[in-house]
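For reference, the chains in residue letters:
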Amino acid sequence: MIDVDDVLESAQLKNEKVREYVRYWAGITDPDNIEVVSGADDARLIQESLDAGEIAPAGEGLYYSRSYYKDTARSEERTIVATSNPADKGVYNNWRPAAEMKAKLTGLMRGASAGKTMYVIPYLMAPPGSPLEKYAAGVQLTDNRSVVLHMIRMARVNVEHINNLEDPGSFVRAVHVTGDLENLGQGTPEDKRYFVTVADERTILHFGSSYGGNALLGKIAHGLRQSSYDGWRSGVFLGEQFMLLGIVDKQTGRRYHICGGFPSASGKTNLAMMLAPDALGDRYYVEFYGDDIAWLWIGEDGRLYGMNPEFGVFGVARDTNETTNPTAMDSIASGTRAIFTNVAYNVKTHEVWWEGRTPEPPADLDGWLDWKGNPIADRSAVEADDPWAHPNSRFTTTLSNVPNVASDYADAHGVPIDAIIFGGRTRDREPLIRAITDVAEGVYDGLTLGAEATFAAEGVDGQLRYDPMSMRPFMSYPEGPYAAHWLDVINRAVERPIFAHVNWFQRDPEDGHFLWPGYRENLRALLWLMQLKNGEVAGVETPVGILPAKDELNLDGLQIDPADLDILLTIDTARWQQEMGFREQHLAQFPGLPDEIWAAHRRVSAALHD
């Protein structure tokens, strides 16, 4: 029989509310052992995991892990927001009653950690001393050592973060139980997996996975779903799936900070980790703050501030290479203690590989295993072209490993936000960049953010899959109040950020080539946006925002076809008129949208028809 109090006392865990929580869930899940962990335990836990065969070496100070082949990504249909108030039900938050879900998860978790160790992970999703620290403290319980290793890289892990809380009970209670992965019925009517955020009780209950977003509860469940709900209920802040970067003008000494939302496969991580183009590198330097989550609030000086609450990067490996994202490659180099998940692995050389890392896979197949652990050399002719790495394969590394991480990335006060941008992958309609100076129209643009759907599947040419603020999988409360909360927070700022929509993916309609080179060159559009905000350029007014004039973009050192540039800096009015109809249908799903949002929609629509 475990003496829970002895374990917690020896670990110097003093918070009695946390002790009560650990005692309760130890009684439910019935582990054989309990261990309180901190970041200082990482080397020991790595060695224990290597000895147990849970991970494998992937070079000097690098590690490889593989999850169960049916457990490789988030599962939106199994992800639920639960509260005691039915009015919290939205279109996208998959709302269920709290009492129902707590009973279901307690039943599934009962006795499910027998024979295992319960790891107690006290963590903080913010720099200590942050104005939002009261919303950042959490304690995750897990029966999976690999989850502990990832959490140490993604959050600040130490008992000191929860021992001295002003309100000892004000921590997020996050419980993760792996379950019998081979017998959970993934994807069938008998699916036993549930990933539940009981938002009004600040409790997270996840059962049936050991994969990233389903198991690292400080990240998405706390950092996005719970924080978004907390921000709304408190009226204090916004928790968003946003990247955050800084731009330093070395000539003038000015610094700018830009955050923004991008749906999947729209270039968010590459933008966040961007370097300046060679031709502009003498003057400009780009700083990395985060690629996935930003919390935004009004500071004491009345400006909008932001921070990345995470401690690390959980990046998609696919197509990451020295050309697309050299910063990411440096952040997972030898000695960084990075962990690779569900990539291809060579058991003899300890190398890892994924699609896009090099133009072609390794020619010598000896020792190579695919993401399922099967020898690639033994593949049949039918299997020859199957992916080596899972499309959602990942790397996990700490922010301190990113070579251009901002010197103030851990500043408890955050950084002032100059611009909020949205960007989706669209082959037409969206120009390179269009700036929006009206707050309501900026929020409206975020609510109607979209990326291309598969047109044949959707049946409507040009229909986008709308992803409001890139938060569609992470919404925790209804979309109408969500829009109202956005308007309230941004309108309280004495100096409001400029909004913009960017699109790096416009294609030539004839041969399909990309009109804009993307990657490092994207800085040029953001520099124009800062010049517009400063009143240094005027741009060209259009019904959907302000576009750069040709001579306003800094194109030094960039070779681009003038005809391509013409298309990038104009709008297709007919396509936009079609788009407004789709947007109206999209917004009509959301009861209670503020009048300001509908007024913004009408203004843009009327201007397009003038």
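Residues numbered from 1 in each chain as written. Predicted model: local features only at pLDDT ≥ 70, side-chain atom pairs only at ≥ 80, totals over all residues. Heavy atoms only, no water.

Overview of helix H17 (residues 595-609)
With 15 residues, H17 extends 21 Å between its outermost C-alpha atoms, agreeing within 8% with the 21 Å of an ideal straight helix rising 1.5 Å per residue. Among all positions of H17, only Ile 597, Ala 600, His 601, Val 604, Ser 605 and Leu 608 are buried. For H17, the buried positions fall inside an angular range of 125° around the axis, keeping them on one side. Seen from the open side of H17, the exposed residues pointing more than 90 degrees away from its buried face are Asp 595, Arg 602 and His 609. Buried residues in H17 make contact with helix H11 (439-447), helix H13 (479-491) and helix H16 (573-587). (Helix = DSSP H or I, 4+ residues; strand = E, 2+ residues; numbered from the N terminus. Expected span 1.5 Å × (residues − 1). Buried < 20%, exposed > 50% of the residue type's maximum accessible area, 1.4 Å probe, protein only. Arc of directions from axis to C-beta. Contact = heavy atoms within 4.5 Å.)

Here's the deal with the sheet that holds strand E20 (residues 344-346)
Strands belonging to one sheet form pairs held by backbone hydrogen bonds; the direction of such a pair is parallel or antiparallel. Across the sheet, 3 strands lie side by side as E21-E20-E22; this open sheet has antiparallel pairing. Two strands close off the open sheet at either side, each with one partner strand: strand E21 (352-353) and strand E22 (368-369). The pairing of E20 with E22 spans 2 bridges and is antiparallel. Within E22, the position partnered with Asn 346 by the bridge is Trp 368. (Pairing = 2+ DSSP bridges.)

Topic: the sheet that holds strand E19 (residues 339-341)
The 5 strands lie next to each other as E2-E3-E19-E23-E18, forming an open sheet whose pairing is mixed. Whereas interior strands pair on both sides, the edge strands pair on one side only; in this sheet they are strand E2 (56-57) and strand E18 (312-316). Of the pairings in the sheet, the one linking E2 to strand E3 (residues 63-65) comprises 2 bridges and is antiparallel in character. When the sheet's bridge partners are listed, Ala 56 is paired in E3 with Tyr 64.

Points about the confidence of the model for the protein chain
Scored by pLDDT, the protein chain has a mean of 95; 98% of the residues are at 70 or more. Note on residues 454-459: pLDDT is under 50 here. Beyond four places in sequence and across chains, it has 5 contacts. (pLDDT = per-residue confidence, 0-100.)

Remarks on the packing of H11 against H13
Between H11 and H13, whose axes approach to 10 Å, the crossing angle comes to 140°. Put simply, H11 runs oblique to H13. Here H11 runs over H13; the crossing is right-handed. Contacts between H11 and H13 involve Val 439, Ala 440, Val 443 and Leu 447 from the former and Tyr 482, Ala 483, Trp 486, Leu 487, Ile 490 and Asn 491 from the latter. (Axes fitted to C-alpha atoms, helices over the stretch in contact; angles between N-to-C directions. Parallel < 35°, antiparallel > 145°, perpendicular 65-115°, else oblique. Left-handed = near helix turned anticlockwise from the far one by under 90°.)

So, the packing of aromatic side chains
To describe a pair of aromatic rings, you give the distance between the ring centres and the angle between the ring planes. Counting across every chain of the model gives 19 aromatic pairs. On the numbers, 5.7 Å between centres and 50° between planes, the contact of Trp 368 with Trp 388 is tilted. One end of the pair, Trp 368, is in strand E22; the other, Trp 388, is in the loop between E22 and strand E23 (394-398), with 20 residues separating them in the sequence. Here the two residues Trp 368 and Trp 388 agree in accessibility, since each one is buried. Their ring planes at 70° and their centres at 6.4 Å tell us that Phe 505 and Phe 514 sit as a pair that is edge-to-face. Taking the relative accessible area as the measure of exposure, Phe 514 reaches 36% and is therefore partly exposed. Here the aromatic residues Tyr 229, Trp 232, Tyr 477 and Tyr 482 are joined through ring pairs into a cluster of three or more. Over the ring of Trp 232 we find Arg 233, and its NZ or CZ is 4.1 Å from the ring centre. Between Arg 425 and the ring centre of Phe 505, over which it is positioned, the NZ or CZ distance is 3.9 Å. (Phe/Tyr/Trp six-rings, centres within 6.5 Å; stacked < 30°, edge-to-face > 60°. Lys NZ or Arg CZ within 6 Å of the ring centre and 35° of its normal.)

Structural notes on the environment of Lys 372
The topology assignment puts Lys 372 in the loop between E22 and E23. By relative accessible area, Lys 372 is classed as partly exposed at 42%. Between the C-alpha atom of Lys 372 and that of Thr 178, which follows or precedes it by 194 residues, the distance is 19 Å. With near-sequence residues (within four places) excluded, Lys 372 lies in contact with Arg 66 and Tyr 69.

What to know about the pattern of salt bridges
As enumerated under the stated definition, the model contains 45 salt bridges in all. Close ionic contact of Arg 44 with Asp 41 constitutes a salt bridge, the shortest N to O distance being 3.5 Å. A residue is classified by how much of its surface remains accessible, and Arg 44, at 34% relative accessible area, is partly exposed. Under the relative-accessibility criterion, Asp 41 is labelled buried at 18%. With its nearest N and O atoms 4.0 Å apart, the salt bridge here joins Arg 78 to Asp 191. In this pair, Arg 78 sits in the loop between E3 and strand E4 (79-83) while Asp 191 sits in the loop between strand E9 (172-177) and strand E10 (194-198), placing the two residues 113 residues apart along the sequence. In this pair, the class of Arg 78 matches that of Asp 191, namely buried. Each of Asp 428, Arg 429, Glu 430, Arg 434, Asp 445, Arg 575, Glu 579 and Arg 583 takes part in salt bridges that share partners, so that together they form one network. (Salt bridge = Lys/Arg side-chain N within 4 Å of Asp/Glu carboxyl O.)

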